[in-house]
Amino acid sequence: MSSTLLEVTRASFEEVERLERLVVKEFQAEPASTKEGLYRDHRVRLMIEQIMSTTSNLIGIYEDKDGSRKDEIAALGGQMGTGTGTNVFSAFYDRLKEIREYHRRHPAARAVDAGEEYEQMFKEDPQLDFSGEEAHGRYLDLHYFYHKFVNSKFGESKSEEEKLDYSVYLDDFSHPEKIPRKLKTTSEYRQYISDLLEYLMYFFERTEPLKDLDRIFAKVSTEFEEQWKDGKVEGWEKEEQEKDVLFQGSIIDLDYYSTVEELMEVGAEKLKEALAALGLKVGGTLKQRAERLFLTKDTPLDKLDRKHFANPRHKVEQNGDLSAPKQDNLSEIALMEAKLKKLCELLDETIVRTKENLVKKQALTYDEIEKEREEEDEQVDAESDDDEEQIYNPLKLPMGWDGKPIPYWLYKLHGLAQEFKCEICGNHSYWGRRAFERHFKEWRHQHGMRCLGIPNTKNFNEITSIEDAKRLWDRIQEKQGLNKWRPDLEEEYEDQEGNIYNKKTFTDLQRQGLI
């Protein structure tokens, strides 16, 4: 029952806070799949738009251009235009009468939990218009623009063998600067670049609903205006610079030729290309072409007679005022290209996925493609069902056999909070006494002992330091060396005279022939 401006204000603030809590709730839950994440972003976008609409209404109420809010506040204080407080009680009872009258006319009215109502409103998945090729925003569908490009003047190939492939088009469509400037001035190219930009904008709004495309384009436009004034827009450089780039291979260096006859040896075709590059007439005999080109050796182009130039050049020079609308038209096309490049940067991952998907589809049959698409949809649905119940595990307890955290008392009983590190195992951590004692017989510890050249016996249990293990192994070897029976020193031999020798002494005397 929001019949007053103050009540509308209070309800609007409550609505904004409720929507903010819903946005936080949406971002707290991790999406189960890319599709679910896309739906979540669109739901959040709707909430943000609702917040912006509500706050706009609040600004209008606080501006109070008609003075209704001020009058209402005065009425609450009993100031009904008299400026005194004598009407406080009458204003109160008038308001009470309105409330009773409202409930008398609506006896079945009840309080509704606005939070639940809002959750149900934004819980439904938005309807997103994706084609089958786009696969819920994973790939781009540029087949229409590809056919439009290859069938146009600015995209046609010289022969059927050189016809542009769709995979190559996916690499080149984001680089319009590769197209010659003279082919970009047609209405056909303008329509192509406009339609392509419109599609990419629509695709970006569907796949990235939380990004402000208007703000991105505003920055692009600002940078473009500065570059356009300086003539530094890629693919739209100043005319003189462009001629240097396009025709640098066609211009003949006249310093190597001293006469017209020597220049005629170049050939008619080369002379024609050089004349066209300079904007001169290309007709006439071989000698006339050579003479016309030889004039430019000592005379600048600005001082040449106008009869030597081609007609289109002079129409532009004589009608300089008519070039202004054309320049505006070119700047619009160049700005659309700049926006196209920026969108391609933002959609770079999608373009790469589209290329990979195209290569993959070329090796599959139609039935295999359909089967794979069905399996992807089933997998997404299965992931969604598995992740519906989120596991609450703030203490980061280990998972049990049922996929749920073990009880905390069991966690404390087994001492799983204790960490044991073993240097022999590469400083690997073992949680709990039981796991620590068990690891001495496992492969990791046995491999570490083998690398040290020490046998993994019971004597080395509870030894985790490499230095302690080496020190203990040296002591064991020393102890075994004192108690070991050494036959060379302890085995006794007797000669014919009854003398007793050990094995080593007896063998030496026998070799010398003394025994």
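Please read all numbers here as calculations on a predicted model, not as lab measurements.

Participant: Got a minute to help me understand the overall build of the protein chain in this structure?
Facilitator: Within the protein chain one finds 23 helices and four strands. Counting every position in the protein chain, which comprises 515 residues, the buried fraction comes to 29%.

Participant: Help me understand the pairing of strand β1 (residues 419–422) in this model?
Facilitator: A regular strand places its side chains so that they alternate between the two faces of the sheet. Where burial is concerned, the two faces of β1 differ: the one with Phe420 and Cys422 is buried and the one with Glu419 and Lys421 is not. In this structure, β1 lies alongside strand β2 (residues 428–431), joined through four bridges in antiparallel fashion. By the bridge assignment for β2, Lys421 is matched with Ser429. The turn linking β1 back onto β2 is made up of five residues, and Gly426 within it adopts a positive phi angle of 80°.

Participant: Looking at this structure, I do not really get the side chain of Glu134. What am I missing?
Facilitator: Within the element layout of this structure, Glu134 appears in the loop between α5 (114–123) and α6 (143–150). What makes Glu134 buried here is its relative accessible area of 3%. At a separation of 3.0 Å, a polar atom in the side chain of Glu134 contacts the main-chain amide nitrogen of Ser131. A distance of 3.2 Å separates a polar atom in the side chain of Glu134 from a polar atom in the side chain of Arg206.

Participant: What exactly am I supposed to notice about a negative patch on the surface here?
Facilitator: Side chains of Glu223, Glu225, Glu226 and Asp230 sit close together on the surface and give a patch of like negative charge. In this fold, Glu226 is placed in helix α9 (residues 213–230). What makes Glu226 exposed here is its relative accessible area of 53%.

Participant: I tried to follow helix α13 (residues 286–294) on my own but got confused; where do I start?
Facilitator: Side chains of residues three or four places apart in an α-helix project in the same direction, reflecting 3.6 residues per turn. Residues of α13 that are buried: Arg289, Ala290, Arg292, Leu293 and Phe294. Next to the buried residues of α13 lie α11 (260–264) and α12 (268–278).

Participant: Help me out: how do you make sense of the nonpolar core in this one?
Facilitator: Soluble globular proteins tend to bury their nonpolar side chains together. Ranked by internal contacts, the top residues of the largest apolar core, which has 41 residues, are Leu142, Tyr169, Phe173, Tyr192, Leu196 and Leu200. Counting residues per element, the ones that place at least two in this core are α6, α7 (166–172), α8 (187–207), α9, α15 (323–346) and α16 (348–362). The leading source of residues in this core is α8, at nine residues. In contact with Leu142, not counting residues within four places along its chain, are Tyr166, Tyr169, Leu170, Phe173, Leu196 and Tyr199. The next biggest cluster of nonpolar side chains, apart from the first, holds 14 residues, and it includes Leu271, Ala274, Leu280 and Phe294.

Participant: I keep staring at the packing of aromatic side chains and nothing clicks. Help me out?
Facilitator: How two aromatic rings sit relative to each other is given by the distance of their centres and the angle of their planes. In total, this model carries 17 aromatic pairs according to the counting rule given. Arranged with centres 6.2 Å apart and planes meeting at 35°, the rings of Tyr199 and Phe203 form a pair that is tilted. Here Tyr199 and its partner Phe203 are both found in helix α8, four residues apart, which amounts to about one turn of the helix. Seen from their ring centres, Phe420 and Phe436 are 4.8 Å apart, and the 20° between their planes marks the pair as stacked. With Phe420 in strand β1 and Phe436 in helix α19 (residues 433–438), the pair connects residues that are 16 residues apart, well separated along the chain. Judged on exposure class, the residue Phe420 and its partner Phe436 are both buried. Here the aromatic cluster, defined as three or more aromatic residues joined through ring pairs, consists of Tyr146, Phe149, Tyr166, Tyr169, Phe173, Tyr189 and Tyr192. Taking NZ or CZ as reference, Lys339 lies 5.2 Å from the ring centre of Phe217, over its face.

Participant: Quick question: what am I supposed to make of a nonpolar patch on the surface here?
Facilitator: There is a patch of nonpolar side chains on the surface, built from Phe27, Ile48, Met52 and Leu210 and spanning about 350 Å² of accessible area. By relative accessible area, Leu210 is classed as partly exposed at 36%.

Participant: Teacher, can you tell me more about the packing of α6 against α8 here?
Facilitator: Between α6 and α8, whose axes approach to 11 Å, the crossing angle comes to 170°. By the angle between their directions, the pair α6 and α8 is classed as roughly antiparallel. Two packed elements cross with a definite hand, and for α6 against α8 that hand is left-handed. Between α6, through Phe145, Lys148 and Phe149, and α8, the contact on the second element is made entirely by Gln191, Tyr192, Asp195, Leu196 and Tyr199. Here the contact of α6 with α8 is composed, by residue class, of five nonpolar, one polar and two charged.

Participant: Even after reading the chapter, I still don't get the pattern of salt bridges, so can you show me in this structure?
Facilitator: Side chains bearing opposite charge may pair, as long as their charged atoms lie close to each other. The final tally for this structure, using the stated rule, is 21 salt bridges. The shortest N-O distance in the salt bridge between Glu49 and Arg45 comes to 3.2 Å. Here Glu49 pairs with Arg45, and both are found in helix α2 (residues 34–63), just four residues apart, close to one helical turn. A relative accessible area of 32% places Arg45 in the partly exposed class.

The rules behind these values
- Counting of residues starts from 1 at the beginning of each chain's written sequence and follows it residue by residue.
- Predicted model: local features are reported for residues with pLDDT of at least 70 only, side-chain atom pairs are reported and counted for 80 or more only, and whole-chain, interface and lining totals are derived from all residues.
- Heavy atoms from the whole structure form the basis of all side-chain values; hydrogens and water molecules are not counted.
- Going along the chain from the N terminus, every DSSP run of H or I of four or more residues is numbered as a helix, and every run of E of two or more is numbered as a strand.
- Throughout, exposure labels follow a simple rule: accessible area from a 1.4 Å probe, protein chains only, divided by the maximum for the residue type, with under 20% read as buried, over 50% as exposed, and the rest as partly exposed.
- One requirement defines pairing of two strands: DSSP has to find at least two bridges between them.
- Distance and chemistry together define a polar contact, namely a pair of N or O atoms within 3.5 Å, with one atom able to donate a hydrogen and the other to accept it when in protein, and with adjacent residues in sequence counting only for side-chain atoms on both sides.
- To count toward a patch, a residue needs a relative accessible area above 30% and no salt bridge. Like charges then connect within 9 Å, nonpolar side chains (Val, Leu, Ile, Met, Phe, Trp, Tyr) within 5 Å.
- For accessible areas, the Shrake-Rupley method is used with a probe of radius 1.4 Å. Any residue's cover is judged against the shown protein chains and nothing else.
- Salt bridges are counted wherever a side-chain nitrogen of Lys or Arg sits within 4 Å of a carboxyl oxygen of Asp or Glu.
- His residues and chain termini do not enter the charge count, which takes Lys and Arg as positive and Asp and Glu as negative.
- Charge positions are represented by NZ for Lys, CZ for Arg, CG for Asp and CD for Glu.
- Any pair of residues with heavy atoms lying within 4.5 Å of one another is described as a contacting pair.
- Nonpolar cores were defined as sets of buried Ala, Val, Leu, Ile, Met, Phe, Trp, Tyr and Cys residues, with membership established by side-chain atoms within 4.5 Å.
- Pairing of aromatic rings covers Phe, Tyr and Trp, the last counted by its six-membered ring, and requires centre-to-centre distances within 6.5 Å; plane angles under 30 degrees mean stacked, over 60 mean edge-to-face, and any other angle means tilted.
- A ring has a charge above it when a Lys NZ or an Arg CZ is no more than 6 Å from the ring centre and no more than 35 degrees off the ring normal.
- Simply put, an axis is a line fit to the C-alpha atoms, just over the touching stretch for a helix, and the angle between two N-to-C directions goes from 0 to 180 degrees.
- Any angle between 65 and 115 degrees counts as roughly perpendicular, while under 35 counts as roughly parallel, over 145 as roughly antiparallel, and the rest as oblique.
- Note on convention: near helix rotated counterclockwise from far helix by under a right angle means a left-handed crossing. Clockwise means right-handed.
- Under the convention adopted here, Pro, Cys and the residues Ala, Val, Leu, Ile, Met, Phe, Trp and Tyr are nonpolar, Asp, Glu, Lys and Arg are charged, and Gly plus all remaining residues are polar.

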